[in-house]
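The lines below spell out each chain.
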Amino acid sequence: MEEREYEFGLDSFMAVTVGPDGESIGGDQVVRDTVEEGVLAEQVGIDSFNIGEHYRDDMMDSAAHVVLAAIAGRTERIRLGTSVTVLSTQDPVRLYNNSATLDAVSGGRAQLVLGRGSAIESFPLFGYDLREYEEIFEEKLELFVKLLRGGAITWSGKYRPPLSDVVLTPPLPAGHLPTWVGSGGSPDSVTRAARYGLPLMLAVIGGRPERFRPLVDLYRRALAEYGHPTDLPVGLHTLGYVAATDDEAIETQWPYWLQTFDRASRERGWRQPTRAQFDAETAHGAMFVGSPETVAQRIAPVMRALDVDRIDLHYALGQVPAVQRRESIELLGRKVFPRVRELLASGRGDHEVMAGSVAPGEVASPVRSTHAPVAR
Amino acid sequence: MSGGHDDRTVGSDAAAAPTDLPATKRVGIIGAGKLGMTLARTALAAGYEVAVASSRPAERIALSVDVLAPGAVASTVEDVADSADVIVLAVPVHRFRELRSDLFDGKILVDAMNYWPDTDGEDPELTAADGGSSVVVQAHFPGARVVKSLNQLGYHELDDYTRAPDAPDRIAVAAVGDDRLAVRAVMRLIDRLGFDPVDGGPLAKGKLLEPDGSPYAETLSADRLARRLSAR
């Protein structure tokens, strides 16, 4: 059997970290640190580096393509993408321009994850009505998929001016930019990805990732229904942090996890975060925190249970200082991901595989034509 | 706690022990999203007949229902309203007004929605509702027997935390409503789904079950949940 092609990537929301004095560092420094982290990711063998999209004072990821272009200038091989672009509040034409230019600058290494947005601060910022959330995303995704095909575009819709016989530039050499649809678990967004024949990125930020398996099954059934190949890739975005030992990783991440979720609980009316919750999340939830071996042993069974081709790990949550963020990247690239590959190839690390509705023969699929060619 | 699952009561009027309604057989769910599908699965596992409907035609959600809640029927809002004994409203809160006001006349309607201005957008009427969003829902559906419940937990907790009646770690789910018979029927549903039901009193007490950063969205035992609710 041919070996399955996996992608092991990192996600950054460009969190404002704390310096040695415990105070928040400047946002401009965060931007430069992120470029360094992207460069480091390539040096330690990571497949992709992906940046989020937020407009708030604790995250500096408001212009991902600029940062990705800076990383592109200093790297050769790593794929550069968004961990989720809030397509709903972007102009698909501008997004095409930015992405195609990034693709050119990087020699064909650009990729995207498109989503409706879970953080919704971009709606008032760019003048969109949150109540039209669904309709806006649907229209913009439909347009963006057209733009990806290239050639002269004639289009009209509700949320941007019409296009009449417009050819966008720069052209995409392969005529295709790897474009994934992000989903936080809504059945609708899963079937939407299938309808457009785009790969699916599942974001799990709490609870057992394995519970998303039915959505993977739904995706494959929907692909078949819409007449697309049923082996399009599926990816998983989760949270994690790696240090030399379990204790170090847990005690380093804990206060920043608490701070992050405490803020979220106040903003969104969630329950107050507790240590018990953190411990549950790290033991069997969506927080992969620990030594390289511990984290590898968490990731491999989850990838198997969900039958995914790609994992993007948000490699340090909240204000974890730059030094520790870099350590997490190094350990992920040099130890964790190689070990996960080993576990997946050997069939070990599958003790937690849950009974899915897909027959065993279908789970172990051969190589998937997952990505657009990188070398052109 | 004792681990028992007898009905705990908060609020003085609940003592008037009304006669029970006939047992619920068919649960209808309006909303085919994360919450709706999870509730469909949980209700099926509890032995109910389940029908799911959304704003879209039944055939548009049929595949999702088939894969995520096998055994449930993808249906239309009108059919669900007609045929179900208890109907759970699990649509985004900014969309419930799109449903006809007389659609659920005479029916037990469980309002499982939460109003989160951050994700729903600002809704002046819901923001101003001192008694919580379910009071506004009741005003929109004047003929429905509205009970606020099943909104307290994260959707995946409705999957993960279902327990047998005597399990020591069974958690509680509260129900509030002005129609006491409807509240009792919903409490029996909660129990059968796998949670200890707690009667939280009249509908306007529902404010205490809403997301505000307070501890009411915690996984609590019935005793502790009842104490928290009566302390206010």
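Look a little higher up for the structure.
Now for a description of the structure that goes with this document. Quick caveat: nothing in here was measured; it's all calculated off a predicted structure.

**Side note on the overall build of chain B**
Line of reasoning, step 1. Secondary structure summary: chain B contains 9 helices and 9 strands in total.
Line of reasoning, step 2. Every one of the 232 residues in chain B was classed for burial, and the buried ones make up 51%.
Line of reasoning, step 3. For chain B, the share of sequence-separated contacts (at least 6 apart) that also reach a separation of at least 24 residues comes to 69%.

**Focus on the overall build of chain A**
Line of reasoning, step 1. Per the secondary structure count, chain A includes 12 helices and 12 strands.
Line of reasoning, step 2. Projected onto its principal axes, the C-alpha coordinates of chain A cover approximately 60 × 50 × 40 Å.
Line of reasoning, step 3. The buried share among the 376 residues of chain A stands at 49%.
Line of reasoning, step 4. Sequence separation of at least 24 residues holds for 76% of the intrachain contacts in chain A that already meet a minimum separation of 6.

**Quick notes on the pairing of strand β3 (residues 49–53) of chain B**
Side chains on a regular strand alternate between the two faces of the sheet.
Residues and elements named next belong to chain B.
Line of reasoning, step 1. A large share of β3 lies buried, amounting to 4 of its 5 residues.
Line of reasoning, step 2. The pairing of strand β2 (residues 26–30) with β3 spans 5 bridges and is classified as parallel. If you follow V27 over to β3, its bridge partner there is V50.
Line of reasoning, step 3. Read from β2 through helix α1 (residues 34–45) to β3, the crossover connection turns out right-handed.
Line of reasoning, step 4. Pairing of β3 with strand β4 (residues 73–74), which is carried by 2 bridges, proceeds in the parallel orientation. Across the sheet, A51 pairs through a bridge with V73, a residue of β4.

**Some details on unusual backbone geometry**
Line of reasoning, step 1. Between T169 of chain A and P170 of chain A the backbone carries a cis peptide bond, its omega angle lying at -10°.
Line of reasoning, step 2. By secondary structure assignment, the location of P170 of chain A is in the loop between β7 (163–166) and β8 (179–183).
Line of reasoning, step 3. Here the phi dihedral of D165 of chain A falls at roughly 55°; this positive angle occurs in a residue that is not glycine.
Line of reasoning, step 4. Position of D165 of chain A among the secondary structure elements: in strand β7.
Line of reasoning, step 5. Residue D165 of chain A is classed as exposed on the basis of its 8 C-beta neighbours within 10 Å.
Line of reasoning, step 6. Although it is not a glycine, L150 of chain B sits at a positive phi angle of roughly 60°.

**What about the packing of helix α10 (residues 292–306) of chain A against helix α11 (residues 322–346) of chain A?**
All names here are of chain A.
Line of reasoning, step 1. Orientation of α10 relative to α11, taken along the N-to-C sense of each, is 45°, at an axis distance of 9 Å. Accordingly, the angle class assigned to the pair α10 and α11 is oblique. Of the two possible hands of crossing, α10 and α11 adopt the one that is right-handed. On α11, the residues that touch P292, E293, V295, A296, I299, A300, M303 and R304 of α10 are L331, K335, V336, R339, V340, L343 and L344.
Line of reasoning, step 2. The residue inventory of the contact of α10 with α11, partitioned by class, reads 11 nonpolar, no polar and 4 charged.

**With respect to the interface of chain B and chain A**
Line of reasoning, step 1. Listed per partner, the contact involves 22 residues of chain B and 25 residues of chain A.
Line of reasoning, step 2. Where the side of chain B that touches chain A is concerned, the elements lending two or more residues are α1, α2 (58–68), α4 (117–120) and α7 (155–160) of chain B.
Line of reasoning, step 3. For the side of chain B that touches chain A, the element with the most residues is α2 of chain B, which contributes 4 residues.
Line of reasoning, step 4. Residues of the side of chain B that touches chain A, tallied by class, amount to 9 nonpolar, 7 polar and 6 charged.

**Thoughts on the environment of V105 of chain A**
All names here are of chain A.
Line of reasoning, step 1. Mapped onto the secondary structure, V105 falls in helix α3 (residues 92–105).
Line of reasoning, step 2. Here the alpha-carbon distance between V105 and L218, two residues 113 residues apart in the chain, equals 37 Å.
Line of reasoning, step 3. In contact with V105, other than residues within four places in its own chain, are A69 and A72.

**A closer look at the pairing of strand β1 (residues 7–12) of chain A**
Residue and element names in this part refer to chain A.
Line of reasoning, step 1. Among the 6 residues of β1, 6 are classified as buried, and the element is accordingly described as predominantly covered.
Line of reasoning, step 2. Here β1 runs beside strand β12 (residues 310–314); their pairing, made up of 5 bridges, is parallel. Note on β12: the bridge partner recorded for G9 is D312.
Line of reasoning, step 3. Of the pairings in the sheet, the one linking β1 to strand β2 (residues 48–51) comprises 4 bridges and is parallel in character. The residue of β2 that forms the bridge with L10 is F49.
Line of reasoning, step 4. Assessed by its sense of winding, the connection that carries the chain from β1 through helix α1 (residues 27–43) to β2 is right-handed.

The rules we used
- Residues numbered from 1 in each chain as written.
- Chains lettered and ligands numbered in written order.
- Predicted model: local features only at pLDDT ≥ 70, side-chain atom pairs only at ≥ 80, totals over all residues.
- Helix = DSSP H or I, 4+ residues; strand = E, 2+ residues; numbered from the N terminus.
- Buried ≥ 20, exposed ≤ 12 C-beta atoms within 10 Å, placed from the backbone.
- Contact = placed C-beta atoms within 7 Å.
- Pairing = 2+ DSSP bridges.
- Right-handed = clockwise from strand over helix to strand, strands pointing away.
- Axes fitted to C-alpha atoms, helices over the stretch in contact; angles between N-to-C directions.
- Parallel < 35°, antiparallel > 145°, perpendicular 65-115°, else oblique.
- Left-handed = near helix turned anticlockwise from the far one by under 90°.
- Nonpolar A, V, L, I, M, F, W, Y, C, P; charged D, E, K, R; others polar.

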